[in-house]
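Structural characterization, general
Listed below are the residues making up each chain.
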Amino acid sequence: MAHILALGGDGIGPEILDQGVRVAEHLAAAANLSLNINYELLHGASYDRYGSFCTADLLAKARVADAILVGAVGGPKWDDIRMPGGAECQDGLMYLRHHLQTYLGLRPARNWASLTNRTPFKNNLIDGANILILREMCGGAMFSSQRGQRLENGKRKGFDMITYNEDEVARIAHGGFALARRRNKRLVSCDKSNVMESYKLWREIVSEVSLEYPDVSFENMFADNCGYQMMMRPCDFDVVLCCNQLGDLFSDLTGSFAGSLGMLPSACLASNPADGAAFGIYESTSGSAPDIAGKGIANPVGMILSVGMMFEFTFGRADLNHAVERAIERAIANGIATRDVGGTASSTEMTDAILERLMQ
Ligand code: NAD
Ligand code: MN
């Protein structure tokens, strides 16, 4: 029996989560796995009910789950609320990532042949592009403990201090090289070590770790150039290792290969996949899309791909993840698509089409 905590969150979150759960149930049956799914509130929905973005009770349930599925969180109603406590207390999802130490953020971005005309790329530049952005999820700028705003000489000043210690960098570097070994054995680490101290340490540690993986081709790049090169020659990249902030940026940027933010999955793992099954939080990469919430038209593909990743990384069934990708590929090749990628299908119809092809 696998225990899954299902957190719809806000906006389109609950709508796409429902579609993801339909696919999870189908895959579980195929894997002879029985699922126990427990639905709870996260972030805005939790704040409205309990006055907290993530309750202690929810964290306790999260600690004993095998995996967590998240729709999306946030919205204008809650974006400006300041809660007492550090960075993790301002966001329900960050609270879970912090307390569960799901440091290894996998954000794959790939080209779908039948959606290339929905992307800004031409001349077959992204045919076959498939990049895995690895984003550090528990440190760096977004989790700085020294942060705030104050008056200095009568002027307002804001600050967030970036820190990384060597263990934080080493664990994600090991995760990155292990994942590169399962893919095309190439890893680029990006930083701004030319101008920043925390990145000098980042580069030093990643380079040290790289010596343990001589079979993986490794290169350090300055992040600005790396962003440029990923757009100019996307097919040359395999795994791209990033700190929290650069990973956030680059995962949406490379998302342009897929034709819509709604096509992007993600996983946050608490251990190196080379060590076996990992606990993970699986979520679509996009936000809560308040502009289309409640209409039943959100693209469920990012959520469904995240469910596929859960079967690969938590339940050890990479084959089922690949089956999900193939079913999506066939559905969109047959012209079935939601509005964000030029079609007319509702979220439910899109999922119906994927499930149909999974069963063939
Ligand atoms: P967003 O990703 O919610 O939306 C950006 C654009 O993409 C919108 O036009 C939206 O309609 C579209 N879009 C996103 N997902 C889609 C889908 N599945 N199908 C079709 N179209 C989709 O980003 P935003 O508008 O900058 O942020 C909205 C809220 O989401 C904010 O409160 C923000 O803090 C939050 N947010 C949450 C997460 C998360 O839950 N992991 C990530 C980013 C932003
Ligand atoms: Mn983001």
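A brief look at the structure comes next. (Residues numbered from 1 in each chain as written. Chains lettered and ligands numbered in written order. Predicted model: local features only at pLDDT ≥ 70, side-chain atom pairs only at ≥ 80, totals over all residues. Heavy atoms only, no water.)

Here's the deal with the site of ligand 1
- Near ligand 1, the surroundings consist of 21 residues, among which Val73, Gly75, Gly287, Ala289 and Asn299 are the closest.
- Taking Ala289, its main chain carries an N or O atom lying 2.7 Å from an oxygen atom of ligand 1.
- Calculation on ligand 1 without its partners gives an accessible area of 810 Å², and the protein chains cover 66% of this total.
- Here the residues of the shell around ligand 1 are counted per class, giving 9 nonpolar, 8 polar and 4 charged. (Near = heavy atom within 4 Å. Polar contact = N/O pair within 3.5 Å; in protein donor to acceptor, adjacent residues only side chain to side chain. Areas by Shrake-Rupley, 256 points an atom, 1.4 Å probe, with all protein chains shown as cover. Nonpolar A, V, L, I, M, F, W, Y, C, P; charged D, E, K, R; others polar.)

Examining the environment of Gly175
- Along the polypeptide, Gly175 turns up in helix H5 (residues 166-182).
- Expressed as a C-alpha distance, the spacing of Gly175 and Gly105, which sit 70 residues apart in the sequence, is 9.7 Å.
- Once residues within four sequence positions are removed from consideration, Gly175 is found in contact with Leu104, Leu134 and Asn272. (Helix = DSSP H or I, 4+ residues; strand = E, 2+ residues; numbered from the N terminus. Contact = heavy atoms within 4.5 Å.)

What about the pattern of salt bridges?
- Applying the stated criterion across every chain, the model contains 18 salt bridges.
- Among the ionic pairs, Asp191 bridges to Arg203, the shortest N-O distance being 2.9 Å. One end of the pair, Asp191, is in strand S8 (residues 186-191); the other, Arg203, is in helix H6 (residues 197-210), with 12 residues separating them in the sequence.
- A relative accessible area of 0% means that Asp191 is categorised as buried.
- In this structure, the salt-bridge partner of Arg233 is Asp236, at a minimum N-O distance of 3.1 Å.
- Using a relative accessible area of 42% as the deciding quantity, one classes Asp236 as partly exposed.
- Ionic contacts of the salt-bridge type, sharing partners, join the residues Glu40, Asp57 and Lys61 into one network. (Salt bridge = Lys/Arg side-chain N within 4 Å of Asp/Glu carboxyl O. Buried < 20%, exposed > 50% of the residue type's maximum accessible area, 1.4 Å probe, protein only.)

Some remarks on the sheet that holds strand S2 (residues 35-40)
- With respect to topology, 10 strands assemble into an open sheet ordered S2-S1-S3-S12-S11-S4-S5-S10-S8-S9, the strand pairing being mixed. Here the strands that pair on one side only, and so sit at the sheet edges, are S2 and strand S9 (217-222). Pairwise comparison of adjacent strand axes, ignoring direction, gives a mean angle of 20 degrees for this sheet.
- Sheet topology note: the strand S3 (residues 67-72)/strand S12 (residues 280-284) ladder contains 4 bridges and is parallel. Counterpart to Leu69 in the pairing with S12 is Tyr282.
- Against the sheet, H6 makes contact with strand S5 (130-136), S8, S9 and strand S10 (239-242), and its axis sits at roughly 175 degrees relative to S9, the strand it touches most. (Pairing = 2+ DSSP bridges. Axes fitted to C-alpha atoms, helices over the stretch in contact; angles between N-to-C directions.)

So, a negative patch on the surface
- Where like charges cluster on the molecular surface, the negative patch consists of Glu166, Asp167, Glu204 and Glu208.
- Contributions of two or more residues to the negative patch are made by H5 and H6.
- Within the secondary structure, Glu166 is located in helix H5. (Patch = residues over 30% accessible without salt bridge, like charges linked within 9 Å, V, L, I, M, F, W, Y side chains within 5 Å. Lys, Arg positive; Asp, Glu negative; His and termini not counted. Charge placed at Lys NZ, Arg CZ, Asp CG, Glu CD.)

A few points about the packing of H5 against H6
- For the pair H5 and H6, interaxial distance at closest approach is 9 Å and the crossing angle is 45 degrees. Considering their axes alone, H5 and H6 lie oblique with respect to each other. Both H5 and H6 take part in a crossing whose hand is right-handed. Judged by residue contacts, Glu166, Val169, Ala170, Ile172, Ala173, His174 and Phe177 of H5 engage Leu201, Trp202, Ile205, Val206, Val209 and Ser210 from H6. (Parallel < 35°, antiparallel > 145°, perpendicular 65-115°, else oblique. Left-handed = near helix turned anticlockwise from the far one by under 90°.)

A closer look at unusual backbone geometry
- For Asn123, which is not a glycine, the phi torsion comes out positive at approximately 55 degrees.
- Secondary-structure assignment places Asn123 in the loop between strand S4 (104-110) and S5.
- If you check the backbone angles, Asn153 has positive phi at about 50 degrees while not being a glycine.
- Mapped onto the fold, Asn153 is located in the loop between strand S6 (147-152) and strand S7 (155-160).

With respect to the packing of aromatic side chains
- If you walk through the whole model with that rule in mind, you get 6 aromatic pairs.
- For the ring pair Tyr47 and Phe53, a centre distance of 5.3 Å and an interplane angle of 35 degrees mean the geometry is tilted.
- You can call Phe53 buried: its relative accessible area is 2%.
- A ring pair is formed by Phe311 and Phe315, whose centres lie 5.2 Å apart and whose planes are at 65 degrees; its orientation type is edge-to-face.
- Among the residues examined, Phe311 registers a relative accessible area of 0% and is labelled buried.
- If you follow Arg150 out to its NZ or CZ, it ends over the ring of Phe159, 4.8 Å from the centre. (Phe/Tyr/Trp six-rings, centres within 6.5 Å; stacked < 30°, edge-to-face > 60°. Lys NZ or Arg CZ within 6 Å of the ring centre and 35° of its normal.)

Some points on helix H8 (residues 244-254)
- Along H8, the residues classified as buried are Asn244, Leu246, Gly247, Phe250, Ser251 and Thr254. Along H8, the residues classed as buried sweep out an arc of 150 degrees about the axis, all on the same side. (Arc of directions from axis to C-beta.)

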